[in-house]
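# Observations on chain architecture
Residue strings, one per chain:
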Amino acid sequence: RFLPSEFGMDPSRMGHALEPGRDTFDEKMTVRKAIEAANIPHTYISANCFGGYFIGNLSQGGTLLPPKENVVMFGDGNVKVVYLDEDDVATYTIKTIDDPRTLNKTVYLRPPENILSHRELVETWEKLTGKELNKSSMTGEEFLQLMEGMDHVQRAGMSHFYHIFYEGCLTNFEVADDREATKLYPEVKYTRVSV
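Residues numbered from 1 in each chain as written. Predicted model: local features only at pLDDT ≥ 70, side-chain atom pairs only at ≥ 80, totals over all residues. Heavy atoms only, no water.

## As for unusual backbone geometry
The linkage connecting Glu 19 with the following residue, Pro 20, adopts the cis geometry, with an omega of 0°. One can find Pro 20 in the segment before α1 (22-37). A positive phi angle, near 55°, is found at Asn 39, a position not held by glycine. Position of Asn 39 relative to the elements: it lies in the loop between α1 and β1 (43-46). Assessed through its relative accessible area of 67%, Asn 39 is described here as exposed. If you check the backbone angles, Leu 58 has positive phi at about 55° while not being a glycine. (Helix = DSSP H or I, 4+ residues; strand = E, 2+ residues; numbered from the N terminus. Buried < 20%, exposed > 50% of the residue type's maximum accessible area, 1.4 Å probe, protein only.)

## Here's the deal with the pattern of salt bridges
Per the stated rule, a full pass over the model turns up 10 salt bridges. Residue Lys 80 is joined to Glu 120 by a salt bridge in which the shortest nitrogen-to-oxygen separation is 2.8 Å. Remark: Glu 120 occurs in helix α4 (residues 118-129) and Lys 80 occurs in strand β4 (residues 80-84); sequence separation between them is 40 residues. Relative accessible area serves as the criterion here: at 28%, Glu 120 is assigned to the partly exposed category. Here Asp 99 ties to Arg 101 by a salt bridge, and the two come within 2.8 Å at their closest N and O atoms. One continuous salt-bridge network, built from bridges that share partners, spans Glu 6, Asp 10 and Arg 32. (Salt bridge = Lys/Arg side-chain N within 4 Å of Asp/Glu carboxyl O.)

## Focus: the sheet that holds strand β2 (residues 49-50)
Strand order in the open sheet formed by 3 strands is β2-β4-β6, and the pairing between neighbours is mixed. Of all strands in the sheet, those bounded by a partner on one side alone are β2 and β6 (115-117). When β4 meets β6, the two strands line up antiparallel, connected through 3 bridges. In the strand pairing of β6, Lys 80 is matched with Ser 117. (Pairing = 2+ DSSP bridges.)

## Quick word on the packing of aromatic side chains
The final tally for this structure, using the stated rule, is 12 aromatic pairs. Both rings, one in Phe 54 and one in Phe 165, keep their centres 6.3 Å apart while their planes meet at 35°; by these two values the pair is tilted. Of this pair, Phe 54 sits in helix α2 (residues 51-54) while Phe 165 sits in helix α6 (residues 152-167); the two residues are 111 residues apart in sequence, bridging distant segments of the chain. With a relative accessible area of 13%, Phe 54 lands in the buried category. Measuring from ring centre to ring centre gives 5.5 Å for Tyr 108 and Phe 173, while their planes differ by 65°; the resulting arrangement is edge-to-face. One end of the pair, Tyr 108, is in strand β5 (residues 105-108); the other, Phe 173, is in the loop between α6 and α7 (181-184), and 65 residues separate them in sequence. The two residues Tyr 108 and Phe 173 agree in class, both being buried. It is Arg 13 that lies over the ring of Phe 173; its NZ or CZ is 3.6 Å from the centre. Its guanidinium or amino end placed over the ring of Tyr 190, Arg 192 lies 3.9 Å from that ring's centre, counting from NZ or CZ. (Phe/Tyr/Trp six-rings, centres within 6.5 Å; stacked < 30°, edge-to-face > 60°. Lys NZ or Arg CZ within 6 Å of the ring centre and 35° of its normal.)

## Side note on a nonpolar patch on the surface
A contiguous nonpolar patch, built from Phe 2, Val 31 and Ile 40 and spanning about 240 Å² of accessible area, is present on the exposed surface. Within the secondary structure, Phe 2 is located in the segment before α1. (Patch = residues over 30% accessible without salt bridge, like charges linked within 9 Å, V, L, I, M, F, W, Y side chains within 5 Å. Areas by Shrake-Rupley, 256 points an atom, 1.4 Å probe, with all protein chains shown as cover.)

## Describing the packing of helix α5 (residues 140-147) against α6
Following both chains from N to C, one finds α5 and α6 inclined at 170°, their axes separated by 10 Å at the closest point. Put simply, α5 runs roughly antiparallel to α6. Of α6, the residues touching α5 (which contributes Gly 140, Phe 143, Leu 144, Leu 146 and Met 147) are Arg 155, Met 158, Ser 159, Phe 161, Tyr 162 and Tyr 166. Considering only residue class, the contact of α5 with α6 consists of 8 nonpolar, 2 polar and 1 charged. (Axes fitted to C-alpha atoms, helices over the stretch in contact; angles between N-to-C directions. Parallel < 35°, antiparallel > 145°, perpendicular 65-115°, else oblique. Contact = heavy atoms within 4.5 Å. Nonpolar A, V, L, I, M, F, W, Y, C, P; charged D, E, K, R; others polar.)

So, in structure tokens, the structure goes:
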């Protein structure tokens with residue numbers, strides 16, 4: 001079975017994505033169409049936000065370290081995001097390889113205790129450290145304006161951030177139990193973000 005290395009967001013749900021980030025999703029859909037046209041057995045994995053890139057820095061970008069004093073909240077900070085430990089992504093992915101229930105389907109990794117808003121993520125860090133951070137907010141319009149002066153690659157990455165933290169593209173749709181990894185494999189003890 002072929003598992004293309006797409007992970008992240010489900011490209012089939014991102015036809016509305018901002019340029020130039022949309023290029024990534026369009027290219028992934030081209031690969032998907034070729035896989036399906038050739039009748040290659042496959043499973044697509046929608047792994048959402050890898051913890052190593054989104055948790056340790058409290059989703060601040062430009063660093064992998066947590067902020068010490070100030071944190072910028074995206075909008076009101078209440079849009080839900082799905083965070084996963086990379087080892088858990090690997091565990092769930094391996095489990096799908098010979099599972100007939102996942103053949104030629106997309107499997108979504110949505111561990112319920114790791115579906116948090118940006119605000120909840122920051123509050124979890126504050127509880128862990130015992131220190132409250134100074135919070136400011138950036139509106140969606142301000143975020144889009146910030147992207148204007150960036151190069152192509154930076155704008156692509158930032159547009160993905162926009163869809164995640166302002167639109168809620170990871171959680172603004174329902175997933176059937178037979179497509180959600182924690183329901184398919186309840187025996188997996190995934191790493192939790194909570195303290």
